[in-house]
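Residue-level listing of the chains:
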Amino acid sequence: MSATIESIAIVGAGRLGSSLAVALDAASHPVRTVSSRNAASAEALATRIDGARVAQPEDAVATCDLVFLTVPDGEIAPLAASLPWRDGCFAVHCSGALTLDVLAPAAQAGTLTGCLHPLQAFPAREGDASRFHDIACGVEAPPPLDATLERIVADLGASVVRLEGVDRARYHAAAVFASNYAVALAAAARRAWELAGLPADRARAALAPLMLGAAQNIAAVTNDDLATALTGPIARGDIATVERHLAAFEGNADTAPDGDPELAALYRRLGAELLALDLDHPPAVAARLRELLEAG
Ligand SMILES: NC(=O)c1ccc[n+]([C@@H]2O[C@H](COP(=O)([O-])OP(=O)(O)OC[C@H]3O[C@@H](n4cnc5c(N)ncnc54)[C@H](OP(=O)(O)O)[C@@H]3O)[C@@H](O)[C@H]2O)c1
């Protein structure tokens, strides 16, 4: 049974706090106070939400049923330790990497504590409710806060992944691989593009659709078999092409005196990760790919 929430506080009017506040409001959840370190940030968000006012965090804790601490990870514990928590209200942080321990001072005062971590990147303070649609949100909380957070997540158009007993550092690293390291891949692709002799300023626009296409292929996988989302030379078992790619970057005096051995190493490491998928190559092709990609 989820508890009835009549007032929600957002403490931290940054990228996630703004998006969450706007999405909660769009889903008819009552955001009543907005707090932030700078009054201007809180004011800018509060003016976008009907019925919300700027408040000090102490006031938010005293008057709201559910308080989201959407401040940077390093600020959560000191902020939680500084507030006058009370029995009967809920305190929730949104960090993927942190456990509920950071909210211990609230728990000691009788406040139920939880985590709601959206598996999504919120790059801007403008706040966009649609960024919650069809995403997953990690949730950890005791009853009845867990049911309340599950209902909120469903109302935002997202699904729940329960985080009880989950290694939070590894869970958050998974999110970093999927999100932040996609940017690292874009940077590596841009390096290869430039080494090929193409203009750097065309790289992002030319390569981003390929990344979007790959992400769409991953999203469309129905049987959980990532190999079905894979195209390209490793999927095809095209050994000669893989050999040419490696030679192009390895700095071999004949083939690529201006090579980039780091790029070759990255190509190998990521390619080796693909070989762990079920690619269904004939044994000789699989063996040669392993030799090429697992070397070094
Ligand atoms: N952004 C994302 O993509 C994303 C995704 C999932 C989870 N998260 C989680 O969401 C939380 C916030 O991240 P963010 O990216 O939104 O950070 P952010 O953009 O830096 O926003 C943090 C906000 O908190 C305010 N603030 C900082 N210290 C404060 C304090 N002591 N008291 C009150 N307000 C304070 C800042 O203040 P002023 O602006 O007022 O100076 C800022 O508006 C983190 O736990 C993060 O792990 C973020």
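Residues numbered from 1 in each chain as written. Predicted model: local features only at pLDDT ≥ 70, side-chain atom pairs only at ≥ 80, totals over all residues. Heavy atoms only, no water.

(A) Representation of helix α7 (residues 168–178). The complete set of buried residues in α7 reads R168, Y171, A175 and V176. Looking straight down α7, one finds that the buried residues subtend no more than 145 degrees of arc, so they occupy a single side. Exposed and facing more than 90 degrees away from the buried side of α7 are A169, R170 and F177. The N-cap of α7, judged by a side-chain oxygen 3.1 Å from the amide nitrogen of A169 a few residues on, is D167. (Buried < 20%, exposed > 50% of the residue type's maximum accessible area, 1.4 Å probe, protein only. Helix = DSSP H or I, 4+ residues; strand = E, 2+ residues; numbered from the N terminus. Arc of directions from axis to C-beta. Polar contact = N/O pair within 3.5 Å; in protein donor to acceptor, adjacent residues only side chain to side chain.)

(B) Broad picture of the site of the ligand. Taken together, 23 residues lie near the ligand, and L16, S36, N38, D73 and F122 sit nearest. A distance of 2.9 Å is found between an oxygen atom of the ligand and a side-chain nitrogen or oxygen belonging to R15. Expressed as a share of its isolated accessible area of 890 Å², the protein-covered part of the ligand is 85%. Where the shell around the ligand is concerned, the elements lending two or more residues are α1 (15–26), α4 (73–82) and β6 (112–118). (Near = heavy atom within 4 Å. Areas by Shrake-Rupley, 256 points an atom, 1.4 Å probe, with all protein chains shown as cover.)

(C) Seen up close, the side chain of S41. Structurally, the position occupied by S41 is in helix α2 (residues 39–46). You can call S41 buried: its relative accessible area is 17%. Excluding residues within four positions of it along the chain, S41 makes contact with A13, S36 and R125. (Contact = heavy atoms within 4.5 Å.)

(D) How the structure looks around the nonpolar core. Counting 36 residues, the largest nonpolar core has L24, L66, F68 and L116 as the members making the most contacts within it. Those elements that place two or more of their residues in this core are β1 (8–11), α1, β2 (31–35), α2, β4 (66–69), β5 (90–93), β7 (136–140) and α6 (145–155). Residue contributions to this core peak at six residues, all from α1. Listed in part, the 18 residues of the second largest apolar core include L79, L83, W85 and A106. (Core = buried A, V, L, I, M, F, W, Y, C linked by side-chain atoms within 4.5 Å.)

(E) Representation of the sheet that holds β5 in the model. Spatially, β3-β2-β1-β4-β5-β6-β7-β8 is the arrangement adopted by the eight strands of the open sheet, whose pairing is mixed. The open sheet has two edge strands with one neighbour each: β3 (53–54) and β8 (159–162). (Pairing = 2+ DSSP bridges.)

(F) Quick peek at the packing of aromatic side chains. Under the defined criterion, the tally for this structure stands at two aromatic pairs. Their ring planes at 40 degrees and their centres at 5.0 Å tell us that F122 and F132 sit as a pair that is tilted. Of this pair, F122 sits in the loop between β6 and β7 while F132 sits in the loop between β6 and β7, and the two are ten residues apart along the sequence. An identical accessibility class is assigned to F122 and F132; each is buried. A ring pair is formed by F177 and Y181, whose centres lie 5.3 Å apart and whose planes are at 85 degrees; its orientation type is edge-to-face. (Phe/Tyr/Trp six-rings, centres within 6.5 Å; stacked < 30°, edge-to-face > 60°.)

(G) Seen up close, helix α11 (residues 239–249). Taken together, the buried positions of α11 are occupied by I239, T241, V242, L246 and F249. With its buried residues spanning 165 degrees around the axis, α11 presents them on a single face. Tucked inside the fold, the buried residues of α11 contact α8 (180–195), α10 (233–236), α12 (261–275) and α13 (283–293). Positive phi appears at G251, one or two residues downstream of α11, with a value of about 80 degrees.

(H) Focus on the domain arrangement of the protein. Splitting the protein by domain gives domain 1 (8–166) and domain 2 (176–293). Computed from C-alpha coordinates alone, the two centres of domain 1 and domain 2 are separated by 39 Å. (Domains from an automatic or database assignment.)

(I) Geometry of a nonpolar patch on the surface. The grouping of L185, M211, L266 and L270 at the surface amounts to a nonpolar patch, some 300 Å² of accessible area in total. Tracing the chain through its elements places L270 in helix α12. What makes L270 partly exposed here is its relative accessible area of 38%. (Patch = residues over 30% accessible without salt bridge, like charges linked within 9 Å, V, L, I, M, F, W, Y side chains within 5 Å. Salt bridge = Lys/Arg side-chain N within 4 Å of Asp/Glu carboxyl O.)

(J) Seen up close, the packing of α7 against α8. Where α7 contacts α8, the axes come no closer than 3 Å and their chain directions differ by 30 degrees. On the side of α7, the interface is formed by A175, V176, F177 and A178, while α8 contributes N180, Y181 and A182. Considering only residue class, the contact of α7 with α8 consists of six nonpolar, one polar and no charged. (Axes fitted to C-alpha atoms, helices over the stretch in contact; angles between N-to-C directions. Nonpolar A, V, L, I, M, F, W, Y, C, P; charged D, E, K, R; others polar.)

(K) Local environment of the pattern of salt bridges. A full pass over the atoms with the stated rule returns twelve salt bridges. Among the salt bridges present, the one from R162 reaches D146, with a minimum N-O distance of 3.5 Å. Within this pair, whereas R162 is found in strand β8, its partner D146 is found in helix α6, the two being separated by 16 residues in sequence. Note on R162: relative accessible area 33%, which makes it partly exposed. Residue E273 pairs with R269 through a salt bridge whose shortest N-O separation is 3.2 Å. A residue pair is termed a helical-turn pair when its members lie 3 or 4 positions apart in one helix, as E273 and R269 do in helix α12 at four residues.

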